[in-house]
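Okay, here's what each chain looks like letter by letter:
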Amino acid sequence: KEKATLSPTERKAHTKDLARQRDEVRVFALYQARTQKIGQYDHTDLISLATTLIKSHPDVIDRYRHVLIDNFQDLSPRERELLKLLAKKKRSVWAIGNTDQAINERALPPREILKWFEAELNAKVLNLTNVRRLTPEIAGVAERAISHNTERFKYTEDVRVVIAPGKMVTVI
């Protein structure tokens, strides 16, 4: 809505939101200044520095033949850009992840990240359907908890838990 058409309640909420955003920008600027001053880098800095390095010196990655990505479902736009650079020379790219565990709001939706892998990296998606990390009881509780998610990516094959049953799960 335009500011002129906001109700007094909406205007107050909008003003609060703007103030919060200004505070976030100020805190982030202080954070960046402090980390630069002490020579520290966070994850985003490392991704940006690696991307810049590879763009300016593409030969630095010549000795690497394989790329392994864990938690592919949470790749940010910057991480996808870096991955495209790493995969450029027909390297072997392996990505492991679980679309039900996506937590990064900047990442592509589960259906889209799989399409991106196929289109941008000429990758083949293989669904691993045997679960060895948790008991059938825990898998059942998790499945019931996420089964109502209408945006959820549905695999073509059923996932099978291949570990011995454990203790019953109590949801509190």
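Each chain has its residues counted from 1, following the order in which its sequence is written. Reporting of local features is limited, given that this is a predicted model, to residues whose pLDDT is at least 70; pairs of side-chain atoms are given and counted only at 80 or more, and all residues count toward the totals for whole chains, interfaces and linings. Excluding hydrogens and water, the side-chain figures rest on all heavy atoms present in the structure.

**So, the side chain of D74**
Phase 1 of the analysis: Structurally, the position occupied by D74 is in the loop between β1 (66–70) and α3 (77–87).
Phase 2 of the analysis: Its relative accessible area of 13% is what places D74 among the buried residues.
Phase 3 of the analysis: Each residue touching D74, except ones within four places of it in the same chain, is listed here: E79, Q101, A102, I103, N104 and A107. Secondary structure elements follow DSSP: runs of H or I no shorter than four residues count as helices, runs of E no shorter than two count as strands, and numbering proceeds from the N terminus. Residue exposure (1.4 Å probe, protein chains only): buried if accessible area is under 20% of the type maximum, exposed if over 50%, otherwise partly exposed. Two residues form a contact once any of their heavy atoms are found within 4.5 Å.

**Things to note about the environment of V60**
Phase 1 of the analysis: Mapped onto the elements of the fold, V60 is located in the loop between α2 (43–56) and β1.
Phase 2 of the analysis: When its relative accessible area of 32% is taken as the criterion, V60 is described as partly exposed.
Phase 3 of the analysis: Remark: the alpha-carbon pair of V60 and E151, spanning 91 residues in sequence, is separated by 40 Å.
Phase 4 of the analysis: Residue contacts for V60: discarding those within four places in its chain leaves L53 and I54.

**A short note on the nonpolar core**
Phase 1 of the analysis: By convention a nonpolar core is built from buried Ala, Val, Leu, Ile, Met, Phe, Trp, Tyr and Cys residues, the set being connected through side-chain atoms within 4.5 Å. Among the nonpolar cores identified, the biggest contains twelve residues, and these are V67, I69, F72, L75, L83, A87, I113, L114, W116, F117, L121 and F153.
Phase 2 of the analysis: Those elements that place two or more of their residues in this core are β1, α3 and α4 (110–121).
Phase 3 of the analysis: Per-element accounting of this core gives the leading share, five residues, to α4.
Phase 4 of the analysis: For I113, the contacting residues outside a window of four places in its chain are F72, R80 and L108.

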